[in-house]
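Report on the structure
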Amino acid sequence: MSAVLLTSEEIYKLLENVKDPEINTVSILDLGMVENVEISGSDVSVKILPTFLGCPALPIIQKNVETAVKQLPSVEGVSVEFLRSPSWTSDRITEKGKAGLKVFGISPPPRQIKEDGSWHIDCPYCESTYVTMENIFGPTACRSILYCKSCKNPFEAMKPMIKFM
Amino acid sequence: MANNSSVENTAIKELLFQLADDDFIHSYRGSEWLGLAPHIEEDIATSSITQDTMGHAAIFYQLLEELGEGNANQLAHDRPANERRNAIILELVNGPGSYMEQPDYDWAFAVVRNYFYTEAKAIKIQSLQSSSYEPLAEVAAKVQMELYYHLMHWKTWFVQLLGSGHEEAVSRMKAAIEKTLQDFQGVFSLGEHRNKIVQQGLIESEAVLLTKWNQAVAPVLKSVGLEGPIEVGMAQGDGRNGKHTEDLEKALETLCEVYASNKAASW
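Counting restarts for each chain, with residues numbered from 1 along the sequence as it is written. Following the order in which they are written, the chains are lettered starting with A and the ligands numbered starting with 1. At least 70 in pLDDT is required for a residue's local features to be given in this predicted model, at least 80 for side-chain atom pairs to be given and counted, and no such filter applies to totals for whole chains, interfaces and linings, which use all residues. As a rule here, side-chain values come from all non-hydrogen atoms in the structure, and water together with hydrogens is ignored.

Comments concerning the packing of helix H1 (residues 8-15) of chain A against helix H2 (residues 58-69) of chain A
Residues and elements named next belong to chain A. Each axis is a line fitted through C-alpha atoms, and for a helix only the stretch in contact is used; angles between axes span 0 to 180 degrees, taken between their N-to-C directions. Helix numbering and strand numbering both begin at the N terminus, where a helix is a DSSP run of H or I of at least 4 residues and a strand a DSSP run of E of at least 2. As a packed pair, H1 and H2 sit with axes 9 Å apart at the nearest point and diverge in direction by 125 degrees. On the basis of their axis angle, the class for H1 and H2 is oblique. In terms of crossing hand, the pair formed by H1 and H2 is right-handed. Listed contacts from H2 to Ile-11, Leu-14 and Leu-15 of H1 are Val-65, Ala-68 and Val-69. Any angle that falls under 35 degrees is termed roughly parallel, while one over 145 is termed roughly antiparallel, one within 65 to 115 roughly perpendicular, and all others oblique. Handedness of each helix crossing follows the sense of rotation of the near helix against the far helix: counterclockwise by less than a right angle gives left-handed, clockwise gives right-handed. Two residues qualify as a contact provided that any one of their heavy atoms is within 4.5 Å of a heavy atom in the partner residue.

Next comes the structure, spelled out in structure tokens:
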């Protein structure tokens with residue numbers, strides 16, 4: 001019997017090292033994907049919200065969470081579960097997550113969306129507002145492709161995913 | 001009691017098979033445009049939408065797995081055409097030829113089918129959020145957010161091509177509308193278990209869904225000068241009852257080829 005009691009703080013700390021496999025500057029915690037961590041004795045259960053249902057990174061994330069949590073010697077079992085509810089929304093991304101996205105060249109999702117569904121994003125490199133949307137769909141389900149007319153860089157942005165849609 | 005709950009489960013499973021099989025074959029037809037879409041940005045958009053849609057099919061199969069219907073992967077790949085419940089309009093080929101040799105696919109048909117189907121799916125997904133089957137209502141809330149972008153995309157193409165004033169674009173779009181409507185009623189069919197499905201509060205009735213679809217599509221058609229009643233039919237039969245065309249047989253042959261080569265393999 002292990003004398004050391006596991007705490008959820010320890011687990012959350014480990015999860016900071018689990019990055020989005022396609023954006024290695026942002027952890028799944030900062031993306032707002034971790035809904036809950038439960039500890040029962042030496043067993044850990046992590047509940048995760050999928051960003052997009054068809055995201056091929058989900059099985060990789062699951063494996064990486066298991067590997068990360070098992071690093072603690074007092075952990076015996078790890079279970080990772082993807083929840084159907086609540087739905088992940090892009091406003092779950094933390095301030096640290098937004099900064100990490102920008103480092104990767106991805107603009108964070110806009111804070112506000114106008115009533116007609118339009119939204120505005122600034123260039124992650126030069127902060128210019130003089131940008132154009134090239135494609136609302138991008139290289140992964142959660143990203144759009146834009147172009148900055150000021151610094152002449154193509155860039156990506158996280159697609160807003162919010163409740164009213 | 002046990003009998004009651006098995007009747008309830010039959011209706012839930014039936015509806016889930018319809019939703020899953022619709023999105024599965026629709027996504028497959030979408031994937032056949034990879035590398036063939038009119039321009040590079042469209043190639044990315046179509047592929048992204050198709051990937052989302054396959055994710056939706058997968059989660060519906062997952063719900064069936066949880067109800068004891070078998071493994072989700074097997075449900076997607078290992079069922080013959082006559083057990084599939086998808087609407088016939090969704091299985092029809094993208095056009096003459098094949099992906100490997102001289103695909104002469106019709107982009108007008110793709111745009112019309114995609115727009116009409118996405119609009120219909122949005123209405124069903126809206127209805128499903130009030131479904132008496134909680135897991136389905138939860139999934140629907142998530143699907144709705146993704147669908148928002150799909151709908152915007154196909155509506156844009158639909159309006160731009162029909163409103164282009166370009167003779168070939170307009171005439172091909174009109175022909176595609178006619179072809180699609182002939183079998184589009186199948187998308188709203190709830191199959192032989194329709195009464196149980198509606199009585200259990202799983203989704204609204206065919207008539208209600210179709211009316212809402214009409215109300216959504218009519219103003220869009222009007223905006224490009226097409227007015228009058230929108231008549232839908234089921235010219236080739238009701239796919240919900242296992243009736244299908246050779247197009248589905250061939251599609252299954254292709255899409256199951258790798259799976260069938262080693263059913264025990266893990267990916």
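So much for the structure itself; the text now carries on.
Notes on the nonpolar core
By convention a nonpolar core is built from buried Ala, Val, Leu, Ile, Met, Phe, Trp, Tyr and Cys residues, the set being connected through side-chain atoms within 4.5 Å. Any residue under 20% of the maximum accessible area for its type is buried, any over 50% is exposed, and the rest in between are partly exposed; the area is computed with a 1.4 Å probe on protein chains only. Of all hydrophobic cores here, the largest spans 132 residues; its most connected members are Leu-15 and Val-65 of chain A together with Phe-116, Phe-158 and Trp-213 of chain B. When residues in this core are grouped by element, the largest group, 14 residues, is from helix H5 (residues 107-128) of chain B. Here this core spans two domains, and each of domain 1 (8-82) and domain 2 (95-158) of chain A adds at least three residues to it. Contacts of Phe-116 of chain B, omitting those with residues within four sequence positions, involve Phe-158, Ile-177, Thr-180, Leu-181, Phe-184, Trp-213 and Val-217 of chain B. A domain assignment, automatic or from a database, supplies the domain bounds used here.

Re the pattern of salt bridges
Opposite charge on two side chains makes pairing possible when the charged atoms of those side chains draw close. Counted as salt bridges are all cases of a side-chain nitrogen of Lys or Arg within 4 Å of a carboxyl oxygen of Asp or Glu. A complete count under the given rule lists 21 salt bridges over all chains for this structure. Of the charged contacts in the structure, one is a salt bridge between Glu-95 of chain A and Lys-98 of chain A, with a shortest N-O distance of 3.3 Å. Within this pair, Glu-95 of chain A and its partner Lys-98 of chain A are both found in helix H3 (residues 95-103), separated by 3 residues, close to a single helical turn. Using a relative accessible area of 15% as the deciding quantity, one classes Lys-98 of chain A as buried. Here the salt bridges share partners, and the residues they tie into one network are Arg-84 of chain A together with Glu-66 and Glu-138 of chain B.

Topic: the domain arrangement of chain A
Residue and element names in this part refer to chain A. Domains assigned within chain A are domain 1 (8-82) and domain 2 (95-158). The centre of domain 1, based on its C-alpha atoms, is set 27 Å off from the matching centre of domain 2. In this assembly, 9 residues from domain 1 lie in contact with 12 residues from domain 2. Accessible surface is computed with a 1.4 Å probe, and the buried area is the amount of it that two parts give up when combined, taken over both parts together. Interface area, domain 1 with domain 2, both sides summed: about 890 Å², of which 71% is carbon and sulfur. Linking domain 1 with domain 2 are 1 salt bridge, by the criterion used here. A salt bridge links Asp-30 to Lys-96; its shortest N-O distance comes to 3.6 Å. For this analysis, a polar contact is any N or O atom pair within 3.5 Å, provided that within protein one partner can donate a hydrogen and the other can accept it, and provided that sequence-adjacent residues contribute only side-chain to side-chain pairs. Linking domain 1 to domain 2 there are 1 residue pair in polar contact (both at pLDDT 80 or more). Only Asp, Glu, Lys and Arg are considered charged in this grouping, and only Ala, Val, Leu, Ile, Met, Phe, Trp, Tyr, Cys and Pro are considered nonpolar; every other residue, Gly among them, is considered polar. Looking at the side of domain 1 that touches domain 2 residue by residue, the class counts come to 4 nonpolar, 2 polar and 3 charged.

Section: the sheet that holds strand S3 (residues 34-40) of chain A
Residue and element names in this part refer to chain A. Read across the open sheet, the 3 strands follow the order S3-S4-S5; overall the sheet is mixed. This sheet does not close on itself; its edge strands, each paired only once, are S3 and strand S5 (77-82). For this sheet the average axis-to-axis angle between neighbouring strands, irrespective of direction, equals 15 degrees. When DSSP finds two or more bridges between two strands, those strands count as paired. As paired elements, S3 and strand S4 (residues 43-48) share 6 bridges and run antiparallel to each other. Within S4, the residue paired with Ser-40 across the bridge is Asp-43.

Topic: the pairing of strand S8 (residues 143-148) of chain A
All names here are of chain A. Buried residues dominate S8, accounting for 5 of its 6 residues. The pairing of strand S7 (residues 131-135) with S8 spans 4 bridges and is classified as antiparallel. Note that in S8 the partner of Thr-132 across the bridge is Tyr-147. In the sheet, S8 pairs with strand S9 (residues 154-158) via 5 bridges, with the strands oriented antiparallel. Within S9, the residue paired with Ile-145 across the bridge is Glu-156. Where S8 hands over to S9, the hairpin turn is made up of 5 residues, of which Lys-152 adopts a positive phi near 60 degrees.

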